[in-house]
Amino acid sequence: MYYRLLIAALTVAAGLQTAPVSAQAVLDTKSFRISVSDKGRVTSLFDRVHDHEYLAEGQPAPLLQIGSAGVLLPPDKMVMHEDGTMVLHFPWRIQVTVLVRKRPGHVAFTLASVNKPDVVEKVIWGPYPTSIGRTVGEFVGVVRDGVFAIGIQSLNPKTVGGYPINQEGAVFSRGITAEKKDFGSVLQAFSLNRSKPRKIMVLALGEGSFPNMPVPPIEGETVVGSSIALFGVPEDQALLTIGDIEIAEGLPHPEINGEWIKTSPETGRSYLIASFTETTIDTLLDCAGRAGLMSLYHGHPFSTWGHFDLIPEQFPNGYAGMKRCVEKAEARGMRLGAHVLSNFITTNDPFVTPVPDPRLALTGSGILEDDIDASDTVIPVSTDEYFNNTRANWLHSVRIGSEIVRYRTVTEEPPYRLLDCLRGSFGTEAASHKKGETVGKLLDHAYKVFFPNWEMQKDLGGNLARFFNETGVSQMDFDGHEGCYATGQGDYAMSLFAREFYDNVDHVVVNGSSRSNHYYWHINHYLNWGEPWYGGFRESMQTYRINNQDLLSRNFMPNMLGWYLLTPTTSLAEMEWMLARAAGYSAGFAMATGIEAVRRNADLGRLLDAIREWERARRAGAFSAGQRERLQDAKNEFHLEAAGDGVWNLHQYHIQEYTYRHQVRQPGEPEGDTWVFDNPHGKQSFCFTIMAEGETGALMTPQFEIDNYVTLSLPVRLAAGESLVSEGKNTIRVYDVKGRQRDLIVLAQPLPDITTGEHRILYTCGFEAGDPPSVIVQIKALGPAERVSAGQ
């Protein structure tokens with residue numbers, strides 16, 4: 001409603017004829033000045049607080065550019081009127097009227113009218129060059145230098161943050177609303193004229209592309225209404241200024257318990273992922289509650305995507321059963337979440353079967369060249385285009401009327417024919433079809449799903465909102481958010497899908513996404529990227545997870561480390577290694593598990609208690625800057641224990657590392673290397689890690705002799721890339737090359753103790769024939785307590 005009223009007001013304003021105030025514009029806020037010349041160029045981005053110019057020298061800085069006939073045109077004249085309208089003149093006698101609204105903290109610009117709307121294909125706000133390059137928030141659209149911040153905000157979904165690098169307006173990188181440059185950075189946004197039919201390359205979903213795809217027009221969706229805000233404030237005011245812009249300009253401004261999500265301590269909390277059922281809900285809520293986590297999140301609750309029917313074996317009472325689960329969680333002060341693949345449509349969904357919806361997205365179509373009956377397996381078509389896309393064609397499916405047909409291939413030469421057709425696929429009915437009917441190639445994906453077109457996508461968003469409203473589920477991820485590209489409308493489709501969901505749910509739904517997006521940032525609570533399926537805690541995408549932390553910080557998002565997997569064999573040492581990283585980066589995470597894993601892991605209670613205490617300490621701000629720096633280092637290991645209300649003891653392990661390599665020795669020469677390990681701390685069990693480093697070979701029967709006194713021999717073989725870790729008094733865990741536990745050795749005798757001071761350690765092991773691995777041995781001792789407390 002706000003958007004429609006604004007456009008109406010702009011239309012009236014654009015029609016007013018008023019005398020120009022000046023051929024230049026100086027636009028001041030409390031802390032920022034934007035100057036625009038009589039040529040429509042930005043000539044100053046000035047920090048009024050510190051008297052500093054931030055416009056990058058020698059760089060073009062058009063306030064607005066237009067695209068027409070494939071050419072990008074900057075303005076050649078600007079006139080400012082008393083009523084706040086700015087008229088920009090372009091070549092070919094094109095005029096654009098912009099409404100300028102000065103607010104205390106920002107200046108808003110809205111494209112009110114174009115005298116030749118049909119010839120303007122796109123508009124670009126900027127790019128606005130700044131000399132700031134220290135912190136560039138690529139998708140939030142804010143750049144900072146430690147003193148001052150300058151930002152751009154799109155004020156509606158049609159205004160896409162970034163630069164139009166393709167025809168559909170999709171920003172496939174993590175964001176270029178703010179983009180780092182050699183001279184500093186640029187800020188930029190754009191809108192496309194989507195009111196005309198187009199045939200464009202749709203780079204849908206990243207795995208493949210759909211060339212020359214027909215994209216239907218969106219009625220009335222020209223560049224008129226494109227709108228941005230520009231601001232400049234002291235750096236520490238940047239985030240709150242965006243919040244003020246949200247309120248002033250009618251942007252989403254979600255809150256949790258009365259506080260904006262971007263400042264709420266509830267945003268970015270850790271959560272438990274497990275596929276609960278009506279039967280197992282209590283057990284899994286017990287786990288989440290003991291660990292002190294925000295929510296219990298179901299990883300795969302739906303039997304269909306599109307209508308979002310629940311899996312009946314898990315929820316025999318359907319939405320009512322899920323609602324009862326939600327009520328149980330709420331009684332414990334927790335949320336329930338559900339994993340969603342945005343606008344993906346499964347082949348068993350009512351949108352597909354038994355009668356396919358005619359609005360399923362098509363990559364293109366041909367014409368039926370002859371009549372066919374219900375049993376024909378060769379189908380004559382007018383073209384091989386769209387049907388021969390081998391790069392992005394996972395279901396080989398076409399729609400003819402109310403029938404879906406799968407085909408093996410299409411002939412390479414005319415007459416073109418679809419071969420080896422499976423009639424009446426996905427439960428549709430095989431039927432006769434007449435010459436001249438449309439044969440539409442359905443747009444699909446490696447997940448074996450279809451997608452909606454622009455019109456149909458609104459129905460999916462409505463179905464999704466209905467599920468959340470009827471059940472009360474209050475957490476989700478827009479996973480597969482990039483599926484919205486299937487409409488051919490790029491980031492506009494992503495933004496609008498999220499906005500319409502936000503507008504239609506009747507309660508706060510904490511949400512993440514598979515994609516960062518400038519406009520969606522206002523709705524988005526967290527981005528939790530990093531999957532656990534490729535190895536153990538240390539191995540599965542850990543570098544990627546750590547690299548994401550800077551990305552999140554510079555875009556005013558809560559730090560999140562991604563998903564980790566709690567298995568039946570997860571150890572306390574593994575868990576505390578991850579929890580230390582989370583504390584170091586002040587980051588939340590998701591702990592994925594299953595009912596069998598929690599039932600079978602003998603250390604479950606210790607693991608959940610560790611999560612609870614580490615998370616309490618992290619969220620209470622108990623760790624100093626120096627401690628957080630040490631906690632970030634993946635080579636460091638720690639143990640944390642509660643020492644009272646809001647007080648904890650943090651212990652760091654003292655670790656010394658040694659390398660043992662195979663050597664050819666003289667006959668009779670003793671095998672092994674002797675090392676000196678200095679234990680600066682108290683008496684404790686001998687603690688160690690052994691890693692077989694290399695590509696080939698294996699070590700066998702590693703052995704320690706401590707102080708020429710006690711010998712510890714381990715009956716184990718470690719192939720290259722494998723490792724073992726001592727734990728507790730008599731337990732050895734053996735891990736495969738992916739960091740997953742493959743064996744557990746229980747020693748007959750407890751591990752020997754080591755006292756304070758130096759110890760001589762003789763290490764040896766055997767090697768299999770061939771090229772042996774190097775052996776990395778770490779010996780560690782638990783250090784004394786560092787007392788930490790809330791608010792330290």
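From a predicted model like this one, the values you see are computed outputs, not experimental measurements.

Draft legend 1. Representation of the packing of helix α3 (residues 281-290) against helix α4 (residues 318-331) in the model. The N-to-C vectors of α3 and α4 enclose an angle of 30 degrees; their axes lie 11 Å apart at closest approach. With respect to α4, the element α3 is oriented roughly parallel. Crossing of α3 over α4 shows right-handed handedness. Taking contact as the criterion, the partners of I281, D282 and L285 in α3 are, on α4, C325, K328 and A329.

Draft legend 2. How the structure looks around the nonpolar core. Residues L336, F468, M578 and W614 are the most contacted members of the largest nonpolar core, which totals 111 residues. Grouped together as the second largest cluster of nonpolar side chains are 43 residues, L63, M86, L111 and F148 included.

Draft legend 3. View of the pattern of salt bridges. Counted by the stated rule, this structure contains 33 salt bridges. Notably, a salt bridge pairs E221 with K158, separated by 2.9 Å at the nearest N-O pair. Remark: K158 occurs in the loop between β15 (148-154) and β16 (160-161) and E221 occurs in the loop between β20 (210-215) and β21 (227-234); sequence separation between them is 63 residues. Just as E221 is buried, K158 falls in that class too. In this structure, the salt-bridge partner of R269 is E266, at a minimum N-O distance of 3.0 Å. Taking the relative accessible area as the measure of exposure, R269 reaches 15% and is therefore buried.

Draft legend 4. Structural detail: the sheet that holds strand β33 (residues 417-419). Ordered by their spatial adjacency, 3 strands build an open sheet running β29-β33-β32, and the pairing between neighbours is antiparallel. Whereas interior strands pair on both sides, the edge strands pair on one side only; in this sheet they are β29 (379-380) and β32 (409-410). Sheet topology note: the β32/β33 ladder contains 2 bridges and is antiparallel. Pairing of V410 across the sheet is with L418, part of β33.

Draft legend 5. Geometry of unusual backbone geometry. In the segment running from T353 into P354, the intervening peptide bond is cis, with an omega of 5 degrees. With respect to the helices and strands, P354 occurs in the loop between β27 (345-346) and β28 (362-367). Between P414 and P415 the backbone carries a cis peptide bond, its omega angle lying at -5 degrees. In this structure, A69 is a non-glycine residue whose phi angle is positive, near 55 degrees. Its location among the elements puts A69 in the loop between β6 (64-68) and β7 (71-73). Classification of A69 as exposed rests on a relative accessible area of 59%. Backbone geometry places T701, a non-glycine residue, at a positive phi of 45 degrees. In this structure, T701 sits in strand β46 (residues 698-706).

Draft legend 6. Expanded view of the environment of G512. For G512, the position within the fold is in strand β38 (residues 510-513). In this structure the C-alpha to C-alpha distance between G512 and V473, which are 39 residues apart in sequence, comes to 14 Å.

Draft legend 7. Expanded view of the sheet that holds strand β51 (residues 741-746). With antiparallel pairing, the 7 strands of this open sheet are ordered in space as β41-β42-β54-β45-β49-β50-β51. Looking at the sheet topology across the chains shown, the edges are occupied by β41 (638-644) and β51. Adjacent strand axes in the sheet meet at a mean angle of 20 degrees when their direction is disregarded. Packing against the sheet, helix α11 (residues 625-632) makes contact with β41, β42 (647-660) and β54 (774-789), and its axis sits at approximately 155 degrees to β54.

Draft legend 8. View of the pairing of strand β53 (residues 757-767). In terms of strand pairing, strand β43 (residues 673-679) meets β53 through 7 bridges, oriented antiparallel. Considered in β53, the bridge of W675 is made with I761. As defined by bridge partners, β46 adjoins β53 across 6 bridges and the pair is classed as antiparallel. Among the inter-strand pairings, Q703 is bridged to a residue of β53, identified as T764.

Draft legend 9. Layout of the packing of α4 against helix α5 (residues 454-471). Across the interface, α4 lies against α5 with an axial gap of 8 Å and an inter-helix angle of 55 degrees. As far as their axial angle goes, α5 and α4 are oblique. Counted together, Y319, M322, K323 and V326 of α4 and R466, F467, E470 and T471 of α5 form the full contact between these two elements. Within the contact of α4 with α5, the residues separate by chemical class into 4 nonpolar, 1 polar and 3 charged.

Draft legend 10. Up close: the side chain of H106. In this fold, H106 is placed in the loop between β10 (94-102) and β11 (107-114). Take H106: its relative accessible area is 4%, and that puts it in the buried class. There is a polar contact of 2.8 Å between the side chain of H106 and the side chain of E249. Contacts of H106, omitting those with residues within four sequence positions, involve T29, R101, A229, L230, F231, I245, A248 and E249.

Draft legend 11. Quick peek at the packing of aromatic side chains. Counted under the stated rule, the structure contains 34 aromatic pairs. With a centroid separation of 5.5 Å and 5 degrees between ring planes, the pair formed by Y54 and F148 is classed as stacked. Separated by 94 residues along the polypeptide, Y54 in the loop between β5 (52-53) and β6 and F148 in strand β15 bring together distant segments of the chain. Given a relative accessible area of 0%, F148 falls into the buried group. Three or more aromatic residues joined by ring pairs form one cluster here, namely F302, F308, Y319, F467, F468, F478, F497, F501 and Y520. The positively charged end of R581 is found above the aromatic ring belonging to W577, 5.1 Å away from the centroid. Over the ring of Y653 we find K780, and its NZ or CZ is 5.0 Å from the ring centre.

Calculation notes
Residues numbered from 1 in each chain as written. Predicted model: local features only at pLDDT ≥ 70, side-chain atom pairs only at ≥ 80, totals over all residues. Heavy atoms only, no water. Axes fitted to C-alpha atoms, helices over the stretch in contact; angles between N-to-C directions. Helix = DSSP H or I, 4+ residues; strand = E, 2+ residues; numbered from the N terminus. Parallel < 35°, antiparallel > 145°, perpendicular 65-115°, else oblique. Left-handed = near helix turned anticlockwise from the far one by under 90°. Contact = heavy atoms within 4.5 Å. Core = buried A, V, L, I, M, F, W, Y, C linked by side-chain atoms within 4.5 Å. Buried < 20%, exposed > 50% of the residue type's maximum accessible area, 1.4 Å probe, protein only. Salt bridge = Lys/Arg side-chain N within 4 Å of Asp/Glu carboxyl O. Pairing = 2+ DSSP bridges. Nonpolar A, V, L, I, M, F, W, Y, C, P; charged D, E, K, R; others polar. Polar contact = N/O pair within 3.5 Å; in protein donor to acceptor, adjacent residues only side chain to side chain. Phe/Tyr/Trp six-rings, centres within 6.5 Å; stacked < 30°, edge-to-face > 60°. Lys NZ or Arg CZ within 6 Å of the ring centre and 35° of its normal.

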